[in-house]
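Report on the structure
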Amino acid sequence: MPCVTDLEGCTYLQQERKGVILGVYERNPRHWQTEGAEWDYGMELLPEDIDRISPELLIGFSRFPTLERAGIRKWVNGAFTFTPDGNPLVGPVPGLRNFWAACGCMSGFSQGGAIGRVLSEWMVEGDPGTDIFGMDVARYGRFAADDCYLRDTTAQFYARRFVIAYPNEELPAGRPLKTTPSYEAQKALGARFGVVWGMESPQYFATGEPDFVEPPTLRRSAAERFVAAEVAATRSAAGLLDTGVYARYEVRGPGAGQWLDHLLASRLPAVGRIRLAPMLNPAGRLMGDLTVTRLDRDRYWLVGSYYLQEWHLRWFRDHLPASGVEIENLSESWLGFSLSGPRSREILSSLTQSDVSDRGLPFMGCASINVASIPAVVARLSLTGELGYEINVRAPQQRALWQELTAAGFPLGLRPIGMRAQDSLRLEKGYGVWSLEFSTSCTPAMAGLERFVAAEKGGFIGRDALLAARVSGPEMKLALLQVESPEADATGYAPIHRAGKRIGYVTSGAYGHHVRQSLALAYINTEWCETSDPLSVTILGKPRAARILRAPPYDPPGVKLRG
């Protein structure tokens, strides 16, 4: 007989010889040996506790009435190990040379083969061979060592083992753990938060509706009206996004330039300039989509994804020379905002004596200036496709910066925005982001990042593999799709078909509120990347008509971005 799972009853049923096993996941689980089991603990079972699991057992018996008449041959009550997200903890342990972990694995052999292979390749070759970030020990930081956080999140995951997860669903356990200084001010304006690596991050602002609760759905969210308003404000005036979920690192010292030139596949910028900087592993696959800013001759900033801090720091330290280079993680000590939109320069100019015009601060330029008397590092770029600035200040001054920017910007139409608006805005420009479009499974040629690679400079990590791969070219390339879907947008790994044959998969999707189109970024088999043939994307089990866009639907030449 097939294995049966009852999602609503938190039970599963599978054949065992001439009988069956009825398994239960408790909705009110109990922790055991949270300080660690005894060293001699092996596969011993615990005494049965029938009263504890009786609610789920009764549901199982009602689902499968024949069990009510069958006898119970054996009770099995054993220990599980769970992590906050349910995935294993695999990889090198920080601070201990050649010490590796494979913890939090599900019992049985369902994960053993894959984990064993990954660890073997990682130990021998120095590379797990594919994107395994979802089980890498580096996906957590020190925040995850908090006992309350661990108790709450592991219990939440266990209790939801069979519960359907909805897009945009935010779970409450272990929160709030980390907040930026402007958290309360944003919350007062209706911010609804998600969490990134323990940090509360605004997803959207339920402006004027303090009692709004977002219902879970597989279709387009009821919160989209707030997202639409944030997109409209950014396109017409200005949007203000908390960049507390950016990671910042300072690299300095007499050897900083030489080290970064070897670490990064791009050329290094001149003083006062910024470059987009792909970072590769020896196999020529992506290890990061960073920006590198040169603040002084021997002083640089790297900016990347907040949740990749431990992962990137491990990579940096593994390649750091014995002397001449220092690297400091500024992700908690420096915070800021992204200010973007056609009136962003007007707002910023009202708060500084410095020249932030094209002449004073050109596109992809940076400067250390005062913003409302607050010392700031300001970078001229944005992910929205609009004229924009990333304003970074020391963490204790972020709240003051918020007050100054909103006071100056609200009369000009500025609106605080969240990450969902940013997703809508970036997809209108066809911009990819890490963990969705970019990962260690991708090469720059696949991801559309090869134009930022300076192969001719020589000597950087991954160059030889990158040049070798150019001979055959990538099997898949990133493309932007328009999808005919009135009620829902494409989600990650949704299959893409042409004439009944699967030719790719979606990496991310969202509704482009300004261009009024459902959009998706996707990897498409290279032979079909130039096709004008009709395609289909499967959304909620139904094929939806789609087509590849030859240019982003918003401002294709990028005039607005360059101001």
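The rules behind these values
Residues numbered from 1 in each chain as written. Predicted model: local features only at pLDDT ≥ 70, side-chain atom pairs only at ≥ 80, totals over all residues. Heavy atoms only, no water. Phe/Tyr/Trp six-rings, centres within 6.5 Å; stacked < 30°, edge-to-face > 60°. Helix = DSSP H or I, 4+ residues; strand = E, 2+ residues; numbered from the N terminus. Buried < 20%, exposed > 50% of the residue type's maximum accessible area, 1.4 Å probe, protein only. Lys NZ or Arg CZ within 6 Å of the ring centre and 35° of its normal. Pairing = 2+ DSSP bridges. Axes fitted to C-alpha atoms, helices over the stretch in contact; angles between N-to-C directions. Contact = heavy atoms within 4.5 Å. Patch = residues over 30% accessible without salt bridge, like charges linked within 9 Å, V, L, I, M, F, W, Y side chains within 5 Å. Areas by Shrake-Rupley, 256 points an atom, 1.4 Å probe, with all protein chains shown as cover. Salt bridge = Lys/Arg side-chain N within 4 Å of Asp/Glu carboxyl O. Parallel < 35°, antiparallel > 145°, perpendicular 65-115°, else oblique. Left-handed = near helix turned anticlockwise from the far one by under 90°. Nonpolar A, V, L, I, M, F, W, Y, C, P; charged D, E, K, R; others polar.

Below, the discussion takes up the packing of aromatic side chains. Centre distance and the angle of the planes are the two values used to describe a pair of aromatic rings. Counted under the stated rule, the structure contains 27 aromatic pairs. Where Phe 80 meets Phe 82, the ring centres are 5.5 Å apart and the plane angle is 50°; that geometry is what we call tilted. Ring centres 4.6 Å apart and planes at 40° place the aromatic pair Tyr 183 and Phe 193 in the tilted group. Taken together, the residues span a long stretch of sequence, with Tyr 183 in helix H4 (residues 183-188) and Phe 193 in strand S6 (residues 191-196) at a distance of 10 residues. The class of Tyr 183 is buried, set by a relative accessible area of 10%. Residue placement shows Arg 498 over the ring face of Trp 528; its charged tip is 3.7 Å from the ring centre.

The next thing to look at is the sheet that holds strand S22 (residues 517-525). Reading around the barrel, the 6 strands line up as S19-S22-S21-S20-S23-S24 and close back on themselves, with antiparallel pairing between neighbours. Mean inter-strand twist for the sheet, computed between neighbouring axes without regard to direction, equals 45°. Note: strand S19 (residues 476-483) against strand S24 (residues 542-549), 4 bridges, orientation antiparallel. Of the residues in S24, the one forming a bridge with Leu 481 is Ile 548. Its contacts with the sheet place helix H10 (residues 419-429) against S19, strand S21 (501-512) and S22, and it is angled at close to 125° to S21.

With that settled, the discussion passes to the sheet that holds strand S15 (residues 366-371). Reading across from one edge, S15-S16-S17-S14-S8-S18 is the order of the 6 strands in this open sheet, with mixed pairing throughout. Two strands close off the open sheet at either side, each with one partner strand: S15 and strand S18 (414-416). Going across the sheet, the axis of each strand differs from the next one's by a mean of 25°, ignoring polarity. As paired elements, S15 and strand S16 (residues 374-379) share 6 bridges and run antiparallel to each other. Across the sheet, residue Cys 366 finds its bridge partner in S16, namely Ala 379.

Judged by side-chain polarity, Leu 7, Ile 164, Tyr 166, Leu 218 and Leu 540 come together as a nonpolar surface patch covering roughly 420 Å² of accessible area. On the secondary structure map, Leu 540 appears in the loop between strand S23 (535-539) and S24.

So, about the packing of helix H5 (residues 224-236) against H10. Packed helices, taken two at a time, are described by their axes: the angle between them and the distance between them. Close contact between H5 and H10 brings their axes to 8 Å; oriented N to C, the two are set at 55°. Our classification of the angle between H5 and H10 gives oblique. H10 is crossed by H5, and the crossing has right-handed handedness. Here Val 227, Glu 230, Val 231, Thr 234 and Arg 235 of H5 lie close against H10, whose contacting residues are Arg 420, Ala 421, Ser 424, Leu 425 and Glu 428. In terms of residue class, the contact of H5 with H10 is built from 4 nonpolar, 2 polar and 4 charged.

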